[in-house]
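Read off the chains here:
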Amino acid sequence: MPRRYNYVIGDLQGCYAALQALLERIQFDEKHDCLWFAGDLVARGEDSLATLRFVKSLCEKDVAYTVLGNHDLNLLAVWRGLSKLKKNDRTAPILDAPDAAVLLNWLRKQPLLLRPNPDHVLTHAGLPHCWTTEEAESLAFEVAATLRGTFLELDRFLENMYGNDPDGWSDDLKGMDRLRVITNYLTRMRLVDARGRLEFAFKDGLAAPMPEGFAPWFDWKTRIARTEKVLFGHWAALEGVAQMPNAIPLDGGCVWGGHLVAYRLEDGQRFTVQSGCGLG
Ligand SMILES: [Mn+2]
């Protein structure tokens, strides 16, 4: 059934009240509309458990889709006992919930890249200039296939997922190094250099001084011009408003007291609600 409107929504981070307010604002009607989430569904907001249950229920009705973000992957690692809960994350209620296994088994089956329509591609952090969109799609699928594999495959990936090396792409990467680099590009990237090497420390806005040789991933030219616009979250300092021709930032920093952002694909209109959840 053709959808009336498609809205792409930025990082929720467990901001359940803001999500409900945003859906009210856009008059979301699951009979007609479709939601696309940019990942980081959970982490520091006031109700990650309710957020995860709600997004899962919409996805299971095929009226929403999500990609995975770094916080979602971290939650999976904590669930599997391969990472410790971060001090400021408020995801413990998910791990303690009676439906924890159902929720997290669903979460691990979500993709890292989606194509909401032929003109747009969605990942949590963006796409590096060293990949065509088709290459990125295929590489994202390699990670997703591992995540949805056996628990042995899942755990082996989660155990090896953390780390900044190697810091850039090369076609001959194999095994866990390959999966780690793909994951870092799709879920953690902000700055890269001309060769596509990642820089992991910079988290500021575009006006801040950047390390020598590095620039935002969307400032580099792709080998073959990318015809799709790239929708992404993750970079809260862009406030979900920066103006780039072919990259559409969606993380309004809701969990930091900013805004939750929805971008309507049909006409490019943005809708925002002020964060009400804060960190308190
Ligand atoms: Mn993120």
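Residues numbered from 1 in each chain as written. Predicted model: local features only at pLDDT ≥ 70, side-chain atom pairs only at ≥ 80, totals over all residues.

### As for unusual backbone geometry
Peptide bonds are, in most cases, trans, and in most cases residues other than glycine have a negative phi. Geometrically, the link from Asp-165 to Pro-166 is a cis peptide bond, its omega value of -5° lying close to zero. Checked against the element boundaries, Pro-166 lands in the loop between α7 (151-160) and α8 (175-187). The phi angle at Asp-40 is positive, at roughly 55°, despite the residue not being glycine. For Asp-40, a count of 31 C-beta atoms within 10 Å gives the class buried. Residue His-234 is not a glycine yet carries a positive backbone phi of 70°. With respect to the helices, strands and loops of the structure, His-234 is situated in the loop between β9 (229-232) and β10 (247-249). Under the C-beta neighbour-count criterion, His-234 is labelled buried, with 26 such atoms within 10 Å. (Helix = DSSP H or I, 4+ residues; strand = E, 2+ residues; numbered from the N terminus. Buried ≥ 20, exposed ≤ 12 C-beta atoms within 10 Å, placed from the backbone.)

### A look at the sheet that holds strand β3 (residues 64-66)
In spatial order, the strands read β3-β2-β1-β11-β12; together these five strands make up an open sheet with mixed pairing. Of all the strands in the sheet, the pair left with one neighbour each is β3 and β12 (270-274). Averaged over neighbouring strand pairs, the angle between their axes works out to 20° when direction is ignored. Running at roughly 140° to β12, helix α1 (residues 16-25) makes contact with β1 (6-9), β11 (259-264) and β12 of the sheet. Packed onto the sheet, helix α2 (residues 48-60) meets β2 (34-37) and β3 and runs at close to 120° relative to β3. (Pairing = 2+ DSSP bridges. Axes fitted to C-alpha atoms, helices over the stretch in contact; angles between N-to-C directions. Contact = placed C-beta atoms within 7 Å.)

### What to know about the packing of helix α6 (residues 133-147) against α8
Following both chains from N to C, one finds α6 and α8 inclined at 110°, their axes separated by 9 Å at the closest point. Judged by the inter-axis angle, α6 sits roughly perpendicular to α8. α8 is crossed by α6, and the crossing has left-handed handedness. Facing α6, whose interface residues are Leu-139, Ala-140, Glu-142, Val-143 and Thr-146, α8 presents Leu-179, Ile-182, Thr-183 and Leu-186. Considered class by class, the residues forming the contact of α6 with α8 number six nonpolar, two polar and one charged. (Parallel < 35°, antiparallel > 145°, perpendicular 65-115°, else oblique. Left-handed = near helix turned anticlockwise from the far one by under 90°. Nonpolar A, V, L, I, M, F, W, Y, C, P; charged D, E, K, R; others polar.)

### A short note on the environment of Ala-247
Its place among the elements puts Ala-247 in strand β10. The class of Ala-247 is buried, set by 20 C-beta atoms lying within 10 Å. Sequence separation of Ala-247 and Cys-130 is 117 residues, and the distance between their C-alpha atoms is 16 Å. In this view, Ala-247 contacts Gly-126, Phe-218, Lys-229, Val-230 and Phe-232; residues no more than four positions away in its chain are not counted.

### Considering the nonpolar core
Ranked by internal contacts, the top residues of the largest apolar core, which has 79 residues, are Val-8 and Ile-9. When near neighbours in sequence (up to four residues on either side) are disregarded, Val-8 contacts Trp-36, Ala-38, Pro-116, Leu-122, Leu-231, Leu-250, Ala-262, Tyr-263 and Leu-265. (Core = buried A, V, L, I, M, F, W, Y, C linked by C-beta atoms within 7 Å.)

### Some words on the pairing of strand β4 (residues 114-117)
On a regular strand, each side chain points to the face opposite its neighbour's, so the side chains alternate between the two faces of the sheet. Of the strand pairs in this sheet, β4 and strand β5 (residues 120-122) are connected by two bridges, and their pairing is antiparallel. Across the sheet, Leu-114 pairs through a bridge with Leu-122, a residue of β5. Taking the residues that link successive antiparallel strands as the turn, the β4-β5 hairpin has two residues.

### Digging into the pairing of β11
When you tally the buried positions in β11, you get five out of six residues, the bulk of the element. As paired elements, β1 and β11 share three bridges and run antiparallel to each other. Bridging from a neighbouring strand, Val-8 pairs with Tyr-263 of β11. Bridging between β11 and β12 involves five bridges; their strand directions are antiparallel. Bridge assignment links Val-261 to a residue of β12, and that residue is Thr-272.

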